[in-house]
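Commentary on secondary and tertiary structure
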Amino acid sequence: DPTDCYQTLSEEELQLTRSLLETNDFEFKSHLDNYKYAVRYPEFSEETYRKRGEIFLQQLEGLLSRSPYLFGQKITLADIAVFPFIRQFANVNIHWFNTSPYPQVRRWLNEQLKSQLFIDIMLKFSPWEEGDPVTFLFSDKPQ
């Protein structure tokens, strides 16, 4: 936890985080999958799946209307955990997302996309092949 985003949570913030992550993992994720792969789920239209996912976006918009991050003035575990799913949701139809009624979610998402944390984890490497040197990304290399 190099950014101390977990250790500094109060008990109340921890409960709020758990609740938000439960919603993300057990409700929003299935709506995201249906929306992202609507062709595989022809029972409903892509728009219907998107609207189901928007319920979570509305919740996030409310949180982000009060503070720059989901639970306050600094990034927390909730932001880091939810961000990849919102990124996927936005990328299904980026034109819709960029004109959607969620300006605070867009601001927050764009901030995460520009963050050093995201840039660092998204480094691209060529596939390793026999004979290539070992690549270490951390300073505490095993001996």
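Here the structure is shown first, and the text comes after it.
Worth saying up front: this structure is predicted, and the values here are computed from it rather than measured.

So, how was this worked out
Residues numbered from 1 in each chain as written. Predicted model: local features only at pLDDT ≥ 70, side-chain atom pairs only at ≥ 80, totals over all residues. Heavy atoms only, no water. Axes fitted to C-alpha atoms, helices over the stretch in contact; angles between N-to-C directions. Helix = DSSP H or I, 4+ residues; strand = E, 2+ residues; numbered from the N terminus. Parallel < 35°, antiparallel > 145°, perpendicular 65-115°, else oblique. Left-handed = near helix turned anticlockwise from the far one by under 90°. Contact = heavy atoms within 4.5 Å. Phe/Tyr/Trp six-rings, centres within 6.5 Å; stacked < 30°, edge-to-face > 60°. Buried < 20%, exposed > 50% of the residue type's maximum accessible area, 1.4 Å probe, protein only. Lys NZ or Arg CZ within 6 Å of the ring centre and 35° of its normal.

Notes on the packing of helix H1 (residues 11-36) against helix H2 (residues 46-64)
Put simply, H1 and H2 touch, their axes get as near as 8 Å, and they point 150° apart. The angle between H1 and H2 places the two elements in the roughly antiparallel class. The handedness of the crossing between H1 and H2 is left-handed. Two secondary-structure elements touch here, H1 through Leu20, Thr23, Asn24, Phe28, His31, Asn34 and Tyr35 and H2 through Glu46, Tyr49, Arg50, Arg52, Gly53, Phe56, Gln59, Leu60 and Leu63.

Let's talk about the packing of H2 against helix H3 (residues 77-92)
Orientation of H2 relative to H3, taken along the N-to-C sense of each, is 135°, at an axis distance of 12 Å. When the axes of H2 and H3 are compared, the pair comes out oblique. As H2 packs across H3, the resulting crossing turns out to be left-handed. Listed contacts from H3 to Arg50, Gly53, Glu54, Phe56, Leu57 and Leu60 of H2 are Val82, Ile86 and Phe89.

Structural notes on the packing of aromatic side chains
Scanning the model with the defined rule gives eight aromatic pairs in all. An angle of 45° between the planes, with centres 4.7 Å apart, marks the rings of Tyr35 and Phe89 as tilted. Here Tyr35, found in helix H1, pairs with Phe89, found in helix H3; they are 54 residues apart in sequence, far enough to count as distant. A relative accessible area of 1% places Tyr35 in the buried class. Here Phe89 falls in the buried class, since its relative accessible area comes to 0%. Every member of this aromatic cluster is reached through a ring pair, and the members are Phe28, Tyr35, Phe56, Phe89, Trp96, Phe97 and Tyr102. Here the basic side chain of Arg40 rests over the ring of Tyr37, its NZ or CZ set 4.3 Å away from the ring centre. Arg52 extends its terminal NZ or CZ atom over the ring of Phe44, reaching a point 4.3 Å from the ring centre.

By themselves, these observations are geometric and do not establish any function.
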